[in-house]
Amino acid sequence: MEGTRPIRCAWCGDDPLYQAYHDQEWGVPLHDDRALFELLTLEGAQAGLSWITVLRKRENYRQAFAGFDPAAVECFTEADQAALLANPGIVRNRLKIASTIDNARAFLEVQAEFGSFDAWLWRFVVNQPINNNLRSLADAQASTPLSDQLSKALKKRGFRFVGTTICYAFMQAAGMVNDHTIDCFRHQEVVALSSRPL
C-alpha cells in the first residue's frame, strides 16, 4: 500500500469501473457456468477493442443476451440477431453476434458431455490455478502454449472468436492464471484464493 492508495496492476489506471473489475473479479477462480459463458462472450466481443469499452457495455450485454443463459441464447432467431445489430448498447458486429449464438450451442454440448463447462475447462490447468509472479506488465504474455491448446480445443468443438490471445485473456480473467503483478495488492489475495480446494 502507498499511503491509503493500494498499488494495482498498471493496466487498470484510474478508471473506477476498471479498478472495481480489477479489485473484485480479475484473476479470481471462476466456476459458475453462466458467468464463464458471459466472460467468454465478452472476451470475444473485445477483439480489436479495448477491454474498458466492453466493460462499459456489460450490463447492456446482459440484457441483450438473456442474462447469458446459453439455453436462451441458442434459440435466438434471425429477428433477434437483427435487433441486436440495431442495439447501440453492445458491439454491433454481425460476426460477433452470430458467433455468440453458435458458441451457446457449443457450450451446451460441452455441458451435456461433461456435466458442466467448468468441469471441462478447468482440466486444462489440472483444476488448479497457475500463479505467475510477474514483476511488471512487461513480463506478461499475450498467449501461451496452454492458451494455444484451449483455443484449438474450443475451435474443434465449434466455438468462434476464441483465438489464442482471446483465450489467454479469458484464462486470466477467469482465474485460471494469476497475472496480477507481484507489487499489486491483489496478487497475494488471489494466490490465497487459488490455494483453496476447488
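Heads up: these notes are all about the structure in this document. Bear in mind that the values here come from a model prediction, so they are computed numbers and not experimental data.

The rules behind these values
- Residues numbered from 1 in each chain as written.
- Predicted model: local features only at pLDDT ≥ 70, side-chain atom pairs only at ≥ 80, totals over all residues.
- Heavy atoms only, no water.
- Phe/Tyr/Trp six-rings, centres within 6.5 Å; stacked < 30°, edge-to-face > 60°.
- Helix = DSSP H or I, 4+ residues; strand = E, 2+ residues; numbered from the N terminus.
- Buried < 20%, exposed > 50% of the residue type's maximum accessible area, 1.4 Å probe, protein only.
- Axes fitted to C-alpha atoms, helices over the stretch in contact; angles between N-to-C directions.
- Parallel < 35°, antiparallel > 145°, perpendicular 65-115°, else oblique.
- Contact = heavy atoms within 4.5 Å.
- Nonpolar A, V, L, I, M, F, W, Y, C, P; charged D, E, K, R; others polar.
- Salt bridge = Lys/Arg side-chain N within 4 Å of Asp/Glu carboxyl O.
- Core = buried A, V, L, I, M, F, W, Y, C linked by side-chain atoms within 4.5 Å.

Time to look at the packing of aromatic side chains. Evaluated as defined, the whole model comprises 12 aromatic pairs. Ring geometry for tryptophan 11 against tryptophan 26: centres 4.8 Å apart, planes inclined by 70°, an arrangement best described as edge-to-face. In this pair, tryptophan 11 is assigned in the segment before helix H1 (16-24) and tryptophan 26 in the loop between H1 and helix H2 (33-45), connecting sequence segments 15 residues apart. For tryptophan 11, a relative accessible area of 23% translates into the label partly exposed. With a centroid separation of 5.6 Å and an interplanar angle of 50°, the aromatic rings of tyrosine 21 and tryptophan 51 are classed as tilted. Of this pair, tyrosine 21 sits in helix H1 while tryptophan 51 is found in helix H3 (residues 51-56), placing the two residues 30 residues apart along the sequence. Exposure remark for tyrosine 21: the relative accessible area of 4% places this residue in the buried category.

So, on to the side chain of aspartate 23. With respect to the secondary-structure elements, aspartate 23 resides in helix H1. The exposure class of aspartate 23 is buried, given its relative accessible area of 16%.

Right, let's get into the packing of helix H9 (residues 145-156) against helix H10 (residues 164-173). Where H9 contacts H10, the axes come no closer than 8 Å and their chain directions differ by 110°. Considered as vectors, H9 and H10 are oriented roughly perpendicular to each other. Facing Leu146, Ser147, Asp148, Leu150, Ser151 and Leu154 of H9, the residues of H10 in contact are Thr164, Cys167, Tyr168, Phe170 and Met171. Residues of the contact of H9 with H10, tallied by class, amount to seven nonpolar, three polar and one charged.

Turning next to unusual backbone geometry. One non-glycine residue with positive phi stands out, namely valine 126, at about 55°. The residue phenylalanine 161 is not glycine, and still its phi comes out positive at about 55°. Exposure remark for phenylalanine 161: the relative accessible area of 27% places this residue in the partly exposed category.

Opposite charge on two side chains permits pairing when their charged atoms draw close. Tallied over the full model, the rule gives 12 salt bridges. Note that aspartate 15 is salt-bridged to arginine 56, the shortest N-O span being 2.7 Å. Here aspartate 15, found in the segment before H1, pairs with arginine 56, found in helix H3; they are 41 residues apart in sequence, far enough to count as distant. We classify arginine 56 as exposed; its relative accessible area is 53%. Salt-bridge contacts for aspartate 102 lead to arginine 160; the nearest nitrogen and oxygen are separated by 2.6 Å. Of this pair, aspartate 102 sits in helix H7 (residues 94-114) while arginine 160 sits in the loop between H9 and H10, placing them 58 residues apart in sequence. A relative accessible area of 30% places arginine 160 in the partly exposed class. Overlapping salt bridges, with partners in common, bring together Glu25, Glu38, Arg58, Glu59 and Arg62 in one network.

Counting 50 residues, the largest nonpolar core has Phe65, Phe117, Leu121, Leu150 and Phe159 as the members making the most contacts within it. When residues of this core are traced back to their parent elements, those giving at least two are H1, H2, H3, helix H4 (58-64), H7, helix H8 (117-121), H9 and H10. Setting aside chain neighbours within four positions, we find leucine 121 in contact with Leu36, Leu150, Phe170 and Met176.

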